Amino acid sequence: MMREIDTDVCVVGGGPAGLVLALLMLRSGARVTVVECARAHQRVVRGEILQPGAMELLDALDVLAGARARGAHEHHRFLVIEGERVLLEADYRLLPAPYDHLLSVVRPHLLDELLARCRRSPGFRYLPGRRAGALLRREGRIAGVIAEGAPGRCAVRARVVVGADGRFSRIRRLAGIGAGRADAFAQDVLWCTLSAPPEEPPVRDVRVYRTGGGPVLVYGSWPNRIQLGWTLPHRRYGQIAALGIDHVKERLMRAVPRYATLIRDQLRTPADLGVLDVFSARAERWVADGLVLIGDAAHTHSPIGAQGINLAVQDAVVLHPLLARALAEGDTSAERLAEFERRRGPDIAAVMRMQTLQSRAILSQGAFTTRVRPRLARALRHTPLYRKILQRMAYGNPSIRIADAGVCGRI
């Protein structure tokens, strides 16, 4: 017999966007059910760098300190390096404290802290190990989901469904909404994780090493891990992998000789590597009657500039008062919910433009890139424009703030 659950908000996807929104809606008095396909927060997820904008919002939710205490690394600068030369530098120490750095937080640490906060509310239900098998509809509008999985099948009936289930969103597909994919970056990223010797000091910068074989991203991760992301032309990895794991290791060791010993000793099989298909996308629409998409389900980005969690958290914060008022007034139509895309859309477009410029800066070749641009960057550092650009990278839209639950209306 299928279990029946009645709720105000059904969030599909227990990542940063979904759980931040759940916590905010609970604070506004809504009943929230989260459907998450994973049984535990142990999936390998590479994106774990928090920008200052996300840190400030998570701090306001009393989540940041707990996530940090579980294990995190601060990073002071973002550097683009070729040989011994720094081509570009973003020095976060120039921002006002306490958010004058990047923060690498292991994804389970952040999600576990958010989940613990949500579970303090009696109106919260969490359904792990289940995926959305179908959308429920009533009188032409979306009215919930069928959640399927080993723990059991559930019909979650909701006043509104939120699709927060990532770049390959099943909710988006079930709703018949096109993904709007654009291969603007035409890249793949080959990821691997290395364990550094305990006595080695952690890397305090996020670095991109420009090499003849493609840029390699390197940053330190808790407790003593090093994340490597090797950028390759789209669908090129299959050709390289066909030459064997030793060939892949040799290419990586040449690209980042500082980590050659770790690469040689720790990468043993293709299973030690993962490939991320890099693309940008903006869903054809973010809403339907009874449905709203947020995070990667609505807009997908390149990992360049570490904007993923920043955008996810900000999406939830922007949607929260709009959704709370819509529920309070009994109107979750597409026309009403479309206010979210109208408000958030320009911010997303600005990030996509910024990432395109960053991609060109990292991938471009020639004398201007290697000789002229570093001198211009050093001169720019001493101008107000440098801090303005840095502020935009760190915060995105600085006006985004968490709404007081009292101004959202009674749900």
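Refer to the structure printed above.
Residues numbered from 1 in each chain as written. Predicted model: local features only at pLDDT ≥ 70, side-chain atom pairs only at ≥ 80, totals over all residues. Heavy atoms only, no water.

### Digging into the overall build of the chain
What the chain contains, in helices and strands, is 13 helices and 19 strands. In summary, the chain has a C-alpha radius of gyration of 22 Å against a globular reference of 22 Å for 411 residues, a match within 12%. When its C-alpha atoms are laid out on the principal axes, the chain stretches across 60 × 50 × 40 Å. Within the chain, contacts between residues separated by at least 24 positions form 75% of all contacts whose residues are at least 6 apart in sequence. When the accessible surface of the chain is totalled, it reaches about 17800 Å², and 52% of it is carbon and sulfur. Each charge sign in the chain was given a centre, from 60 positive and 40 negative side chains, and these centres are 2 Å apart. (Helix = DSSP H or I, 4+ residues; strand = E, 2+ residues; numbered from the N terminus. Rg over C-alpha atoms; globule rule 2.2 N^0.38 Å. Contact = heavy atoms within 4.5 Å. Areas by Shrake-Rupley, 256 points an atom, 1.4 Å probe, with all protein chains shown as cover. Lys, Arg positive; Asp, Glu negative; His and termini not counted. Charge placed at Lys NZ, Arg CZ, Asp CG, Glu CD.)

### A word on the packing of helix 1 (residues 16-27) against helix 4 (residues 107-118)
As a packed pair, helix 1 and helix 4 sit with axes 9 Å apart at the nearest point and diverge in direction by 20°. When the axis of helix 1 is compared with that of helix 4, the two are roughly parallel. Crossing of helix 1 over helix 4 shows left-handed handedness. Taking contact as the criterion, the partners of Pro16, Leu19, Val20, Ala22, Leu23 and Leu26 in helix 1 are, on helix 4, Arg107, Leu110, Leu111, Leu114, Leu115, Arg117 and Cys118. Here the contact of helix 1 with helix 4 is built from residues that sort into 11 nonpolar, no polar and two charged. (Axes fitted to C-alpha atoms, helices over the stretch in contact; angles between N-to-C directions. Parallel < 35°, antiparallel > 145°, perpendicular 65-115°, else oblique. Left-handed = near helix turned anticlockwise from the far one by under 90°. Nonpolar A, V, L, I, M, F, W, Y, C, P; charged D, E, K, R; others polar.)

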